[in-house]
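Chain by chain, the residues:
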Amino acid sequence: MLTYTLRRLLLAIPTLLLISLVIFLLVDLAPGSPASEIPLTVPPEVREKILESLSVNQPIFVRYLLWLKQFFWVEPLNGIDWLFGTNYAEGMQRIISYQTRSPVFPLIGERLPQTLTVIGTAYLVGVLIALPIGIYSAYRQYSLFDQFGTMFAMIGFSVPTFFTGTVFIIVFGVWLGWFPTKYDTTLEVTDWDSFVKQLRQMAMPVMVLGLANAAAISRYMRSSMLENMRQDYVRTARAKGMSERTVVLKHVLRNSMIPVVTIIALGIPSIFGGAIITENLFGVNGIGAALIGAIRGNDLPMVQTLAFIFAILIVTFNLIADVLYGLLDPRIRYD
Amino acid sequence: MTDTSALDKPESQAAAIWRQFRQHKGAVFGLCVLGFLIVFTLIGPLFWQAPELTTTQQILNKNKPPSWAHPMGTDQIGRDILERMMQAGRVSLAVGFAAMLIAIFVGTFIGVLAGYFKRLGGPLMRFTDMFLALPLIPLLLVMVMLFRDKIAGVVGPEMGAFILIVFAIGVTSWMHAARIVRGEVLALKEREYVLAARSIGTPPRRVILRHILPNVISPVMVAATLGIAEAIITESVLSFLGLGFPPDFPTWGRLLFDGLQYMQLYPERVTWPGLAISLTVLSVNYIGDGLRDALDPKARGR
């Protein structure tokens, strides 16, 4: 198991390097680069200076290596400095945003908590909705509840989040007036009232994202449960005279959770992608909104860094899912 | 004396598939809805054309509620919403089909190469895995943002947006098709008839075209159907974020994006395009589901 994990970790490194190269080249070679944004009336020597200050006048592989060094060496050092008050990273050039002229990572750090509270809660809610639905519709296969669950899942798959989001805003925000339509990022939870306020403003984005995720997860839960219900050990457990509750919720559920846990881990990076839409719609000031802002403002370092962070998330959670699967299921041996 | 007339003529394959497909209620419903939407967008404009208006008339005509002259009302600059829904639907569906075709073509090509030629398999699958690990929505947004103006300069804003978005969605969604096809090809390659074909000296190209491709068609068709849904959603996400099609060449996603500003006063401007997208995707997903059952000969016997 350990060798397998190590081998996967080592394999992740070239994958990440390749992805970083793709992201870097795509953004850097695109026609909308900063060099083309400078007006033609600017004299050539000033133009040179501007390009130098943006450090885009060097050959491309130098810039790529510099960016890699900044991402993997300078920024972690800065993180250490910030955490422990040391100064290892003094005098090293950080990744600077074109828009704000300040380092990119603290900006992302400011945005991240917003995303994590909303997205994390949404995913949790999604999983909590999905598991009971999946379990019950497998237990009563082809019942009315199961058919309803299938329909719910199909609709959840098909209706895009931006549409459920707008419908929620119209119905709950505008007509009924239950929840605020925009998320207030500056709200600080200090007492009960502000906590209720926070809950109310989180309700809609959380429900929209949660329902979309619940649809897929409940399907996996159902099919995994169905597969296990037919196994011999279930019959044995029943024959021993165990209560239906123990059989379903202990024996079957535990075994069915193995693939579902990996699916849940695999879904985490994609909800960050989905968060771009939800954040944009509800005005949550998270990293998805930061990405859209950076793309609109032609802020290349920010876009590259954020896109690469998304890629790291995907690769990491793929790895976690694979390792988890091996850990949970003793029948699977990789080595 | 045997009575041969009691034996029915054997059912053709297409008829068998159709018989199985009809048993799936959701799929039939999906086919009807999708058919209706296609007729609505393709033939609708022949019967329904809003009259050309002068600028003054347009200003007087703006934000009208639904009436006989404008069944879905008019928008903020006096355009008939029903007409725009039809035009937008054409583009949305065209994007879905075209992007799916690219994705399936690339996916099948890479899948067949990776499955049939052992030496290419490893590197190609690594390549596929790398694409699967790319953060697609951010990358699509970046691609559209950075290349839109350049391509629009060459082929015009409408065609530019169409080509760019179709191409971008196509080259970022072929991975699942490639994996499915590779798996199928790996299994088919070991079958006796492929071995027989190879033993009489059939070149690989002809083995693939004659013997392997016809047998991977059914999983590819299911993947293609689901790919249309995926492409339509991706396109509407791009349009929804304001990085899709220009407003005078709308898609359903773009109409929804335009309607967002007026959401509180005229919610129907958001719900119509949103419903159209959702219904299309829902029906396409159901059709894919039904096709999967119908094309599987093991399930068909039952």
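Residues numbered from 1 in each chain as written. Chains lettered and ligands numbered in written order. Predicted model: local features only at pLDDT ≥ 70, side-chain atom pairs only at ≥ 80, totals over all residues. Heavy atoms only, no water.

Let's shift gears to the overall build of chain A. In terms of regular secondary structure, chain A is built from 12 helices and 0 strands. Traced from its N-terminal end to its C-terminal end, chain A shows the element sequence α-α-α-α-α-α-α-α-α-α-α-α. Summarising its shape, the C-alpha atoms of chain A cover approximately 85 × 60 × 40 Å along the three principal directions. Evaluated residue by residue, chain A yields a buried proportion of 45% over its 335 residues. Sequence separation of 24 or more characterises 70% of the internal contacts of chain A that already satisfy a separation of 6 or more. Charge centroids of chain A, computed over 25 positive and 22 negative side chains, lie 12 Å from each other. (Helix = DSSP H or I, 4+ residues; strand = E, 2+ residues; numbered from the N terminus. Buried < 20%, exposed > 50% of the residue type's maximum accessible area, 1.4 Å probe, protein only. Contact = heavy atoms within 4.5 Å. Lys, Arg positive; Asp, Glu negative; His and termini not counted. Charge placed at Lys NZ, Arg CZ, Asp CG, Glu CD.)

This next bit is on the pattern of salt bridges. As enumerated under the stated definition, the model contains 9 salt bridges over all chains in all. For A:Arg238, the salt bridge identified is with A:Glu244, shortest N-O distance 2.7 Å. We classify A:Glu244 as partly exposed; its relative accessible area is 34%. Residues B:Arg126 and B:Asp129 are paired through a salt bridge, measuring 3.3 Å at the closest nitrogen-oxygen approach. You can see B:Arg126 and its partner B:Asp129 sitting in helix α6 (residues 118-133), 3 residues apart, about one turn around the helix. Taking the relative accessible area as the measure of exposure, B:Asp129 reaches 24% and is therefore partly exposed. Each of B:Arg84, B:Arg254 and B:Asp258 takes part in a single network of salt bridges with overlapping partners. (Salt bridge = Lys/Arg side-chain N within 4 Å of Asp/Glu carboxyl O.)

Attention shifts here to unusual backbone geometry. Residues and elements named next belong to chain A. Despite not being glycine, Tyr-142 has its phi angle at roughly 65 degrees, a positive value. Topologically, Tyr-142 is positioned in the loop between α5 (104-139) and α6 (144-158). Residue classification places Tyr-142 among the exposed positions, given a relative accessible area of 62%.

Let us now look at the packing of α6(A) against helix α13 (residues 268-295) of chain B. In the contact formed by α6(A) and α13(B), the axes pass within 8 Å of each other and the chain directions differ by 125 degrees. Between α6(A) and α13(B), the crossing angle belongs to the class labelled oblique. As for how α6(A) packs across α13(B), the hand of that crossing is right-handed. Contacts from A:Met151, A:Met154, A:Ile155, A:Phe157 and A:Ser158 of α6(A) reach α13(B) at B:Ser278, B:Val281, B:Leu282, B:Asn285 and B:Tyr286. Looking at the contact of α6(A) with α13(B) residue by residue, the classes come out as 7 nonpolar, 3 polar and no charged. (Axes fitted to C-alpha atoms, helices over the stretch in contact; angles between N-to-C directions. Parallel < 35°, antiparallel > 145°, perpendicular 65-115°, else oblique. Left-handed = near helix turned anticlockwise from the far one by under 90°. Nonpolar A, V, L, I, M, F, W, Y, C, P; charged D, E, K, R; others polar.)

In this section: the packing of aromatic side chains. Counted under the stated rule, the structure contains 25 aromatic pairs over all chains. Each ring, one from A:Phe71 and one from A:Phe308, has its centre 4.9 Å from the other, and the planes form 65 degrees; the classification is edge-to-face. Taken together, the positions of A:Phe71 in helix α4 (residues 60-84) and A:Phe308 in helix α12 (residues 300-328) put the pair 237 residues apart, joining distant regions of the chain. Comparing A:Phe71 with A:Phe308, the two get one shared label, buried. Relative to B:Phe131, the ring of B:Phe127 lies with its centre 5.2 Å away and its plane at 65 degrees, an arrangement referred to as edge-to-face. Of the two residues, B:Phe127 and B:Phe131 both sit in helix α6, 4 residues apart, roughly one turn of that helix. (Phe/Tyr/Trp six-rings, centres within 6.5 Å; stacked < 30°, edge-to-face > 60°.)

Here we take up the side chain of A:Arg219. Residues and elements named next belong to chain A. Here Arg-219 shows up in helix α8 (residues 192-229). Buried charge Arg-219 goes without a salt bridge, the closest partner of opposite sign being Asp-146 at 4.2 Å. When neighbours within four sequence positions are excluded, Arg-219 is seen to be in contact with Ser-137, Asp-146, Gly-149, Thr-150, Ala-153 and Phe-157.

What follows concerns a nonpolar patch on the surface. Where nonpolar side chains cluster on the molecular surface, the patch consists of A:Ile80, A:Trp82, A:Leu83, A:Phe84 and A:Tyr88 and spans about 680 Å² of accessible area. Position of A:Phe84 relative to the elements: it lies in helix α4. (Patch = residues over 30% accessible without salt bridge, like charges linked within 9 Å, V, L, I, M, F, W, Y side chains within 5 Å. Areas by Shrake-Rupley, 256 points an atom, 1.4 Å probe, with all protein chains shown as cover.)

Right, let's get into helix α7 (residues 136-155) of chain B. For an α-helix, 3.6 residues make a turn, and residues three or four places apart therefore share a direction. The largest bend in α7(B) amounts to roughly 45 degrees and is located at B:Arg148. Of the residues making up α7(B), those classed as buried are B:Pro138, B:Leu139, B:Leu140, B:Leu141, B:Val142, B:Met143, B:Val144 and B:Leu146. Of the surrounding elements, those touching the buried residues of α7(B) are α1 (2-29), α10 (244-282), α11 (287-296) and α12 of chain A together with α8 (157-171) and α11 (204-240) of chain B. The first or second residue beyond α7(B) is B:Gly156, which carries a positive phi of 90 degrees. (Bend = angle between axes of the 7 residues up to and from the residue.)

Per-residue confidence for chain B averages 84 on the pLDDT scale, and 95% of its residues sit at or above 70. For this predicted complex, the interface confidence reaches an ipTM of 0.82, while the overall pTM sits at 0.85. (pLDDT = per-residue confidence, 0-100.)

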